[in-house]
Amino acid sequence: MRRKGAEGEVLACDFLIKNGYEILARNWRGKGRLRSPEIDIIARDGKTIVFIEVKSFASPEFNQPEYRLDLRKLKRIAHAARAYLSQIDQDDDYSCRFDVMIVNLAAGDSAVDHIEDAFRAPDDLD
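Each value, and the rule that gives it
Residues numbered from 1 in each chain as written. Predicted model: local features only at pLDDT ≥ 70, side-chain atom pairs only at ≥ 80, totals over all residues. Heavy atoms only, no water. Pairing = 2+ DSSP bridges. Helix = DSSP H or I, 4+ residues; strand = E, 2+ residues; numbered from the N terminus. Axes fitted to C-alpha atoms, helices over the stretch in contact; angles between N-to-C directions. Salt bridge = Lys/Arg side-chain N within 4 Å of Asp/Glu carboxyl O. Buried < 20%, exposed > 50% of the residue type's maximum accessible area, 1.4 Å probe, protein only.

### Thoughts on the sheet that holds strand S1 (residues 22-28)
Backbone hydrogen bonds hold the strands of a sheet together, and the pairing may be parallel or antiparallel. Taken in spatial order, the 5 strands make up an open sheet running S1-S2-S3-S4-S5, and their pairing is mixed. For this open sheet the edge positions go to S1 and strand S5 (112-119), each flanked by a neighbour on one side alone. The average undirected angle you get between the axes of adjacent strands in this sheet is 25°. As judged from the 5 bridges shared by strand S4 (residues 95-104) and S5, these two strands associate in the antiparallel manner. Note on S5: the bridge partner recorded for Val100 is Ile115.

Spelled out as structure tokens, the structure:
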């Protein structure tokens, strides 16, 4: 399972770089006693910091992994994004968004679906 996820993240990063994104971090976790959940990829798209959840699959029958993002997972990603933003230089005026990338490993690098602004941070993060 970890290998499949790592493979998908490599293909996702390659796709992002080819499309002008700067990769800021992969598999990012906050530091300290209360570590935040992991963010698969953090990238910059111009003045936007993009928090990206990568969903990889190898079976041609399973083509809707985006439905595995339940409210609990969205909250965890939003908490981690908040932790990341608290640790970067606040002098710059960045916006942020949450994307999902779906990678079909059975089809190779041509099967990367990038869903920009896929979700908003849930209102109640508690």
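### Some words on the pattern of salt bridges
Overall, the coordinates contain 8 salt bridges when judged by the stated rule. Between Arg97 and Asp99 there is a salt bridge, with its nearest N and O atoms 2.8 Å apart. The pair Arg97 / Asp99 is uniform in exposure class, with both members buried. Of the charged contacts, one joins Asp117 and Arg120 as a salt bridge, the two residues approaching to 3.0 Å between their closest N and O atoms. On the basis of relative accessible area, Arg120 is assigned to the exposed category, the value being 60%.

### A look at unusual backbone geometry
The backbone of Asn27 sits at a positive phi, close to 50°, despite the residue not being glycine. On the secondary structure map, Asn27 appears in strand S1. The backbone of Asp117 sits at a positive phi, close to 55°, despite the residue not being glycine. Position of Asp117 relative to the elements: it lies in strand S5. Under the relative-accessibility criterion, Asp117 is labelled partly exposed at 34%.

Function cannot be inferred from these measures alone, as they are strictly geometric.
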